[in-house]
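Structural features, examined
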Amino acid sequence: METLSTLAVTLDDVLSAQELLEGIIAKTPIETSRALGAQVGTEVYFKCENLQRAGSFKVRGAYVRMARLSDEERARGVVAASAGNHAQGVAVAAKRLGIRARIYMPLGVALPKLQATRSHGAEVVLHGHNVDEALAEAKRYADETGAVFVHPFDNPDVVAGQGTLGLEILEQVPDVDTIIMGVGGGGLLAGVAVAVKAKAKELGRDIKVIGVQAENAAAYPPSLAADALVPLQSTSTMADGIAVGLPGQLPFSIIRELVDDFVTVSEESLARALVFLLERAKLVVEPAGAVGVAALMDGKLAELGINAKKTAVILSGGNIDPMLMLKVIQRGLAAAGRFFTVRMMLDDRPGSLATISRIIAENDANVTGVDHTRVGGSISMGDVAITIDMETRGHEHCEQVLRALRAEGFQPIVIHV
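On a predicted model such as this, the values are computed, not experimentally measured, just so you know. Position labels on residues start from 1 in each chain and follow its written sequence. Residues qualify for local features only when their pLDDT is at least 70, as the model is predicted, and side-chain atom pairs are given and counted only at 80 or more; totals for whole chains, interfaces and linings, by contrast, use all residues. With hydrogens and water set aside, each side-chain value is computed from the structure's full complement of heavy atoms.

Some remarks on the overall build of the protein
Assigned secondary structure in the protein consists of 17 helices and 14 strands. Against the compact-globule benchmark of 22 Å for 417 residues, the protein has a radius of gyration of 24 Å, which places it among compact chains. With a 1.4 Å probe rolled over the protein chains alone, any residue whose accessible area is under 20% of its type maximum counts as buried; one over 50% counts as exposed, and the rest are partly exposed. Here the protein, with 417 residues, has 56% of them falling under the buried criterion. The contact criterion used is simple: two residues touch if any of their non-hydrogen atoms lie within 4.5 Å. Counted over contacts in the protein with a minimum sequence separation of 6, partners at least 24 positions apart contribute 73%. Under the DSSP-based scheme used, a helix requires at least four consecutive residues in state H or I and a strand at least two consecutive residues in state E, with every element numbered from the N terminus. Using C-alpha atoms as the atom set, the radius of gyration is obtained and then compared with a globule rule of 2.2 Å times the number of residues to the power 0.38.

Description of unusual backbone geometry
In this structure, Ala 54 takes a positive phi of about 65° despite not being glycine. Of the residues examined, Ala 54 reaches a relative accessible area of 18% and is grouped as buried. For Asp 227, which is not glycine, the phi torsion reads 55° and is therefore positive. Take Asp 227: it is sitting in the loop between helix H10 (220-226) and helix H11 (249-258).

Side note on the sheet that holds strand E11 (residues 339-347)
Two strands qualify as a pair provided that DSSP identifies no fewer than 2 bridges between them. The strand order across the open sheet built from four strands is E12-E13-E11-E14, with neighbouring strands paired in antiparallel fashion. Each of the sheet's edge strands pairs with one partner strand only, and the pair in question is strand E12 (366-373) and strand E14 (413-415). When the angles between neighbouring strand axes are averaged without regard to direction, this sheet yields 25°. Bridging between E11 and E14 involves three bridges; their strand directions are antiparallel. Residue pairing across strands places Arg 343 opposite Ile 413, the latter belonging to E14. Axis definition: a line fit to C-alpha positions, over the contact stretch in the case of helices; interaxial angles, taken between N-to-C directions, run 0 to 180 degrees. Packing of helix H16 (residues 352-362) onto the sheet brings it into contact with E11, E12 and strand E13 (383-391), and relative to E13 it is tilted by some 20°.

Details of the environment of Ser 119
Within the secondary structure layout, Ser 119 lies in helix H6 (residues 111-119). Along the backbone, Ser 119 and Gln 88 are 31 residues apart, and their C-alpha atoms lie at a distance of 9.2 Å. Counted as a polar contact is a pair of N or O atoms within 3.5 Å, where, for protein atoms, one must be capable of donating a hydrogen and the other of accepting one, and residues adjacent in sequence contribute only when both atoms are in side chains. Engagement of the side chain of Ser 119 in a polar contact is seen with the backbone oxygen of Ala 116, the distance being 2.6 Å.

Notes on the packing of helix H3 (residues 58-67) against helix H5 (residues 85-97)
Closest axis-to-axis distance for the H3/H5 pair is 8 Å, and the angle between their directions is 45°. Our classification of the angle between H3 and H5 gives oblique. In this structure, H3 meets H5 at a crossing whose hand is right-handed. In contact with Lys 58, Val 59, Ala 62, Tyr 63, Met 66 and Ala 67 of H3, H5 contributes Asn 85, His 86, Gly 89, Val 90, Val 92, Ala 93, Ala 94, Arg 96 and Leu 97. In these notes the angle categories are as follows: under 35 degrees is roughly parallel, over 145 is roughly antiparallel, 65 to 115 is roughly perpendicular, and the rest is oblique. Crossing handedness: left-handed means the near helix sits turned counterclockwise from the far one by under a right angle, and right-handed means the same turn made clockwise.

Remarks on the nonpolar core
As a rule of thumb, soluble globular proteins bury nonpolar side chains together. The biggest cluster of nonpolar side chains holds 72 residues, and the ones touching the most others in it are Met 66, Val 78, Val 90, Ile 179 and Ile 254. For this core, the leading source of residues is helix H9 (residues 187-203), giving 10 residues. Here Val 90 is in contact with Ala 62, Met 66, Val 78, Ala 80, Ala 101, Ile 103 and Val 150, once residues within four sequence places are set aside. Throughout, nonpolar core names a set of buried Ala, Val, Leu, Ile, Met, Phe, Trp, Tyr and Cys residues whose side chains join them through atoms within 4.5 Å.

Describing a nonpolar patch on the surface
Like charges within 9 Å and nonpolar side chains (Val, Leu, Ile, Met, Phe, Trp, Tyr) within 5 Å are joined into patches, using only residues over 30% in relative accessible area that form no salt bridge. The accessible surface values rely on the Shrake-Rupley method and a 1.4 Å probe; as for residues, cover is taken only from the protein chains in view. In the sections that follow, a salt bridge refers to a side-chain nitrogen of Lys or Arg positioned within 4 Å of a carboxyl oxygen of Asp or Glu. Judged by side-chain polarity, Leu 353, Val 367 and Val 370 come together as a nonpolar surface patch covering roughly 200 Å² of accessible area. Note on placement: Val 370 falls in strand E12.

Focus: the pairing of strand E5 (residues 123-126)
Judged from the four bridges that link them, strand E4 (residues 101-105) and E5 form a sheet pairing that is parallel. Its bridge partner lying in E5, Tyr 104 is registered against Val 125. As for the winding sense of the linkage, the β-α-β connection from E4 through H6 to E5 is right-handed. With its strands directed away from the observer, a crossover is right-handed exactly when the path from the first strand over the helix to the second travels clockwise.

Regarding the packing of H3 against helix H8 (residues 156-172)
Packed helix pairs are characterised by how far apart their axes lie and by the angle those axes make with each other. Look at H3 against H8: their axes get within 7 Å of each other, and the N-to-C directions meet at 135°. Between H3 and H8, the crossing angle belongs to the class labelled oblique. Remark: the crossing between H3 and H8 carries right-handed chirality. Facing H3, whose interface residues are Lys 58, Arg 60, Gly 61, Val 64 and Arg 65, H8 presents Asp 157, Val 158, Gly 161, Gln 162, Thr 164, Leu 165 and Glu 168. The residue classification treats Ala, Val, Leu, Ile, Met, Phe, Trp, Tyr, Cys and Pro as nonpolar and Asp, Glu, Lys and Arg as charged. All others, Gly included, are polar. In the contact of H3 with H8, the residues fall into three nonpolar, four polar and five charged.

Things to note about H16
For H16, the complete set of buried residues consists of Ser 352, Ile 356, Ile 359 and Ile 360. On an axial view of H16, the arc spanned by its buried residues comes to 95°, and they lie on one face. In H16, the exposed positions angled more than 90 degrees off the buried face are occupied by Ala 354 and Glu 362. Asp 364 lies just past H16 and shows a positive phi near 60°. Note: the arc covers the axis-to-C-beta directions of the helix.

Re the pattern of salt bridges
Under the counting rule described, the total for this entry stands at 25 salt bridges. Between Glu 168 and Arg 60 there is a salt bridge whose closest N-O contact spans 3.1 Å. Of this pair, Glu 168 sits in helix H8 while Arg 60 sits in helix H3, and the two are 108 residues apart along the sequence. Looking at Arg 60, the relative accessible area reads 0%, which means it is buried. Across the salt bridge formed by Asp 240 and Lys 113, the nearest N and O atoms sit 3.5 Å from each other. Taken as a pair, Asp 240 in the loop between H10 and H11 and Lys 113 in helix H6 lie far apart in primary sequence, 127 residues in all. Judged by its relative accessible area of 3%, Lys 113 is buried. Each of Lys 47, Glu 49, Arg 60 and Glu 168 takes part in a single network of salt bridges with overlapping partners.

Comments concerning the side chain of Gln 162
Tracing the backbone shows Gln 162 in helix H8. Overall, the relative accessible area of 1% leaves Gln 162 in the buried class. The residues contacting Gln 162, other than those within four sequence positions of it, are Phe 57, Lys 58, Arg 60, Gly 61, Pro 152, Gly 187, Leu 188 and Val 192.

This is how it looks when you write it as structure tokens:
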């Protein structure tokens with residue numbers, strides 16, 4: 001294992017970045033979550049970087065990188081690529097430093113992220129169907145024009161800037177023993193690991209650092225297993241902020257030395273975590289920022305054999321498209337058994353729907369939608385298909401409603417969201 005002083009980014013680099021960011025970024029609050037702590041058996045603290053300027057931690061690394069450019073480099077302008085958060089971070093930093101910024105974003109990027117990036121004064125160009133394609137175009141533009149390419153994670157200044165988050169957590173929760181966060185390219189995880197592990201060594205104690213990825217966009221586990229960068233063939237997750245198909249070389253070199261473990265979470269777990277944060281913590285967090293909470297709710301620390309006493313979870317961003325939020329909330333409620341949809345084929349005769357409504361009401365479920373269809377490819381003459389959306393209290397309550405319907409001779413089929 002490499003010593004901390006021989007890594008590409010050191011504690012001194014992070015401390016220098018912290019000085020550079022003084023007065024530029026917000027020192028985001030850290031909030032206790034008694035509800036999640038009671039569920040997982042550890043004190044849980046949310047580091048609310050969703051409340052940072054531009055809505056995520058990305059402004060830290062972007063500003064440090066750009067503030068260190070020479071006058072000649074600044075005159076050439078900067079170019080970047082991002083699905084949203086890095087774009088906004090670069091735009092905010094560029095405006096603060098008086099640097100011209102051109103940012104490539106993938107087609108179909110969330111409208112609020114697109115509008116926010118433009119509102120900070122950056123020129124936005126839509127290109128490609130994912131971040132990797134946008135990155136390739138941004139690099140081509142940099143080579144062609146001489147603009148300085150600001151990489152979202154594969155740069156020592158960027159990594160050092162993100163690492164300042166680790167220093168803040170240690171200031172706010174000095175006796176934290178576990179820190180967990182989402183991972184895309186790895187800049188945040190690498191920077192925090194450098195800062196936290198070096199400080200822990202100075203204090204003579206151990207602090208676990210855990211990375212979390214969406215299971216459909218998890219490039220780090222296979223890369224770490226191979227001890228080499230292994231690209232994913234595709235990524236498919238609502239957590240677009242961490243949907244990166246290939247780890248950064250520099251972050252990877254740090255992460256393989258310092259990070260204790262990696263876990264992955266499902267889309268259903270992500271949806272549940274977002275609903276939990278809205279309901280119990282009163283926090284709006286984007287899917288990429290909620291993966292750490294999802295991992296805790298899934299009991300991933302226990303699976304790793306980590307007996308944490310004080311766990312800090314980095315809520316790394318809050319830039320979520322309201323339309324996506326609507327879908328995620330419904331999916332999260334369904335995953336928690338608090339919303340479900342059933343479909344039934346019935347004889348088309350008076351009274352059937354009234355009977356079904358009575359059964360649902362007697363079992364304290366709340367109907368939120370009904371679709372009554374007499375025609376369709378799978379519907380026979382004399383039959384009718386009824387689809388009913390219901391609010392329920394959990395999985396046991398769903399089963400209670402289903403049992404009651406079956407006891408009356410109906411054959412409900414649950415339709416998953």
